[in-house]
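Report on the structure
So the chains spell out like this:
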Amino acid sequence: GEDVEQSLFLSVREGDSSVINCTYTDSSSTYLYWYKQEPGAGLQLLTYIFSNMDMKQDQRLTVLLNKKDKHLSLRIADTQTGDSAIYFCAERESGGYQKVTFGIGTKLQVIP
Amino acid sequence: NAGVTQTPKFQVLKTGQSMTLQCAQDMNHEYMSWYRQDPGMGLRLIHYSVGAGITDQGEVPNGYNVSRSTTEDFPLRLLSAAPSQTSVYFCASTVGRMNTEAFFGQGTRLTVV
């Protein structure tokens, strides 16, 4: 079945870039997502990328997709304390209900 | 602009009690899902629905029932609560198959003692 893996924790200094990595197993995934969860809140979509794209940039966020290695990364430029949250990678399967499978989440800690 | 509304936000149950977690969306979305979030496990799909009258099981359906009598509502029922069901529960909705974004509720934190 589908599996999405992420590291559990990342700590960066304010102003530095953060890179959160993710690997997935379903080569037929159509969309790959990054969600952000702030404490006590639900998940909020940050950005997504089609599986036929290599890169997507949206202001401070850059998503890189290596389809051959099934590797997805999220780069946050000029990381701010407000970026401290848990970041979930997710993939959407191509068939049927197009179920979305989430990784376990990477907790980003931004040190002032 | 309510989006997806879950109630209650917090609940404590005794083992063996039953309860219903409510989820309502006002966006006329076809697809609705229930997830549970546990430390180190990410989000796991419990049940989902692709439209009114249609439901199916996700990864971890045991101990839970759902129904979808209207497009707006997708309640999750715990028939006989167990401590293993202590978790944070999220309801989500999407427009349909080709839509990219799932909208999440704020979550229900359930503790079973």
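Everything discussed here concerns the structure shown above.
Below, the structure is looked at part by part. (Residues numbered from 1 in each chain as written. Chains lettered and ligands numbered in written order. Predicted model: local features only at pLDDT ≥ 70, side-chain atom pairs only at ≥ 80, totals over all residues. Heavy atoms only, no water.)

Quick word on the overall build of chain B
Scanning chain B from N- to C-terminus turns up zero helices and eleven strands. A compact globule built from 113 residues would reach a C-alpha radius of gyration of about 13 Å, and chain B, at 13 Å, matches this within 12%. Structurally, chain B occupies a C-alpha span of about 40 × 25 × 25 Å along its principal axes. Counting over 113 residues, chain B shows a buried share of 47%. Sequence-distant contacts, at least 24 apart, represent 53% of the contacts inside chain B between residues at least 6 apart. Of the roughly 5,300 Å² that chain B leaves accessible, carbon and sulfur atoms contribute 50%. (Helix = DSSP H or I, 4+ residues; strand = E, 2+ residues; numbered from the N terminus. Rg over C-alpha atoms; globule rule 2.2 N^0.38 Å. Buried < 20%, exposed > 50% of the residue type's maximum accessible area, 1.4 Å probe, protein only. Contact = heavy atoms within 4.5 Å. Areas by Shrake-Rupley, 256 points an atom, 1.4 Å probe, with all protein chains shown as cover.)

Remarks on the environment of A:G15
All names here are of chain A. Mapped onto the secondary structure, G15 falls in the loop between strand 2 (9-13) and strand 3 (18-24). As a C-alpha pair, G15 and I111 span 96 residues in sequence and 9.4 Å in three-dimensional space. Residues in contact with G15, not counting those within four places in the same chain, are D78 and T79.

Brief notes about the interface of chain A and chain B
Each side of the interface is counted separately: chain A has 22 residues, and chain B has 24 residues. When chain A packs against chain B, close to 1,800 Å² is buried across both sides, 54% of that on carbon and sulfur atoms. Run the count over chain A and chain B and you get zero salt bridges. The interface formed by chain A and chain B holds two residue pairs in polar contact (both at pLDDT 80 or more) in total. Within the residue set of the side of chain A that touches chain B, elements represented by two or more residues are strand 4 (31-37), strand 5 (43-50), strand 9 (85-92) and strand 10 (100-102) of chain A. Of the residues assigned to the side of chain A that touches chain B, the class counts are twelve nonpolar, eight polar and two charged. (Buried area = accessible area lost by both parts, 1.4 Å probe. Salt bridge = Lys/Arg side-chain N within 4 Å of Asp/Glu carboxyl O. Polar contact = N/O pair within 3.5 Å; in protein donor to acceptor, adjacent residues only side chain to side chain. Nonpolar A, V, L, I, M, F, W, Y, C, P; charged D, E, K, R; others polar.)

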